[in-house]
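Coordinates in review
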Amino acid sequence: MPRQSIEPANRKTLPNARRKSPPKVDYKGIFRASAAERVQFIRQRVAPDVVDMTIIDMGITKSALYITLDFPPSTMKRKTSKDELLPTALSERMIGLQKLIGQVQTMVEESGNPKGFNAAHWVAQWLEQPLGALGGQKPAHFMDTIQGQELVSDVLARMQSGAYA
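Below you will find a few notes about this structure.

**With respect to the overall build of the protein chain**
Each helix and strand in the protein chain was counted, giving nine helices and zero strands. In the protein chain, the proportion of contacts linking residues at least 24 apart, taken out of those at least 6 apart, comes to 68%. Put simply, the protein chain shows about 8,700 Å² of open surface, and 54% of that area lies on carbon and sulfur atoms.

See the structure below:
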C-alpha cells in the first residue's frame with residue numbers, strides 16, 4: 001500500500017520531532033491507491049512539511065496553494081510552527097491535489113515519454129488556465145472542494161481519452 005511519505009507510528013511517538021529533510025511525496029501512489037487507502041491517508045492527516053514539499057514540487061508560493069485549496073493562513077502558520085498535523089478537511093483537500101498530480105504523472109507515463117516532464121509544475125500551470133470544459137473558469141477555482149476536485153480530475157481524464165469538451 002502506498003504511503004503518504006511519513007510513517008504514522010513515527011508521528012504518534014514523536015509528534016513535535018523535526019525531520020532533517022522534507023519527505024518525498026508519492027503522487028502516483030496516491031493516485032493509484034484505492035479509495036479506502038486514500039481515506040486512511042486522510043485520517044492519518046497530512047504534516048505541514050508534506051504541504052511544503054508539494055509547494056516546492058509545484059513551483060508555487062504558499063499563498064497560491066492556500067488560496068487554491070482554501071487553507072486559512074493562520075491555521076497553516078500555527079500547524080507549521082508547532083509541527084502539528086493538518087485537520088482532516090485540509091488533509092483531504094491536500095491529498096486530492098496530490099492525487100491530481102499523480103493522475104497527470106500516470107497519464108504522461110502511459111501516453112509516451114515522460115523524461116523531463118514535471119507533473120507537479122504542469123498541474124500548477126494548468127490549474128490557472130481557463131477551460132471551456134469548465135465554463136471558462138480556471139480548474140483552480142474548483143480545487144477547494146472534493147466535488148470540484150473530482151470535476152477537475154474528470155476533465156483531465158477526458159483530455160487523455162480525446163473526449164475533451
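Read on for the rest.
**Some thoughts on the environment of Ile95**
As for its placement among the helices and strands, Ile95 is situated in helix 7 (residues 88–111). Separated by 44 residues in sequence, Ile95 and Val51 place their C-alpha atoms 9.5 Å apart.

**Side note on the nonpolar core**
Met58, Leu65, Leu97 and Leu127 are the most contacted members of the largest nonpolar core, which totals 42 residues. Among the elements that make up this core, the one with the highest residue count is helix 7 (eight residues). Beyond its immediate chain neighbours, meaning those up to four positions away, Leu127 contacts Met58, Leu97, Leu100, Lys138, Pro139, Ala140, Met143 and Val152.

**Overview of helix 4 (residues 48–58)**
Here helix 4 lies mainly inside the structure; nine of its eleven residues are buried. Turning to helix 4, its buried residues are Pro48, Asp49, Val50, Val51, Met53, Thr54, Ile55, Asp57 and Met58. If you follow the buried residues of helix 4, they end up packed against helix 2 (27–32), helix 5 (62–69), helix 6 (73–82), helix 7 and helix 8 (119–126).

**Concerning helix 8**
Within the sequence span of helix 8, burial applies to Ala119, Ala120, Val123, Ala124 and Trp126. Packing partners of the buried residues in helix 8 comprise helix 4, helix 7 and helix 9 (146–161). Taking the backbone nitrogen of Ala120 as reference, a side-chain oxygen 3.1 Å away marks Asn118 as the first, capping residue of helix 8.

**Some words on the pattern of salt bridges**
Any two side chains of opposite charge can pair if their charged atoms end up close together. Across all of its chains, the model carries four salt bridges by this definition. In this structure, Lys62 engages Asp52 in a salt bridge whose closest nitrogen and oxygen atoms are separated by 3.6 Å. With Lys62 in helix 5 and Asp52 in helix 4, the pair connects residues that are ten residues apart, well separated along the chain. For Asp52, a relative accessible area of 22% corresponds to the partly exposed category. Salt-bridge contacts for Glu128 lead to Lys138; the nearest nitrogen and oxygen are separated by 3.6 Å. Residue Glu128 is found in the loop between helix 8 and helix 9, and its partner Lys138 is found in the loop between helix 8 and helix 9; the two are separated by ten residues along the sequence. Take Glu128: its relative accessible area is 37%, and that puts it in the partly exposed class.

Reading the values: the criteria
Residues numbered from 1 in each chain as written. Predicted model: local features only at pLDDT ≥ 70, side-chain atom pairs only at ≥ 80, totals over all residues. Heavy atoms only, no water. Helix = DSSP H or I, 4+ residues; strand = E, 2+ residues; numbered from the N terminus. Contact = heavy atoms within 4.5 Å. Areas by Shrake-Rupley, 256 points an atom, 1.4 Å probe, with all protein chains shown as cover. Core = buried A, V, L, I, M, F, W, Y, C linked by side-chain atoms within 4.5 Å. Buried < 20%, exposed > 50% of the residue type's maximum accessible area, 1.4 Å probe, protein only. Polar contact = N/O pair within 3.5 Å; in protein donor to acceptor, adjacent residues only side chain to side chain. Salt bridge = Lys/Arg side-chain N within 4 Å of Asp/Glu carboxyl O.

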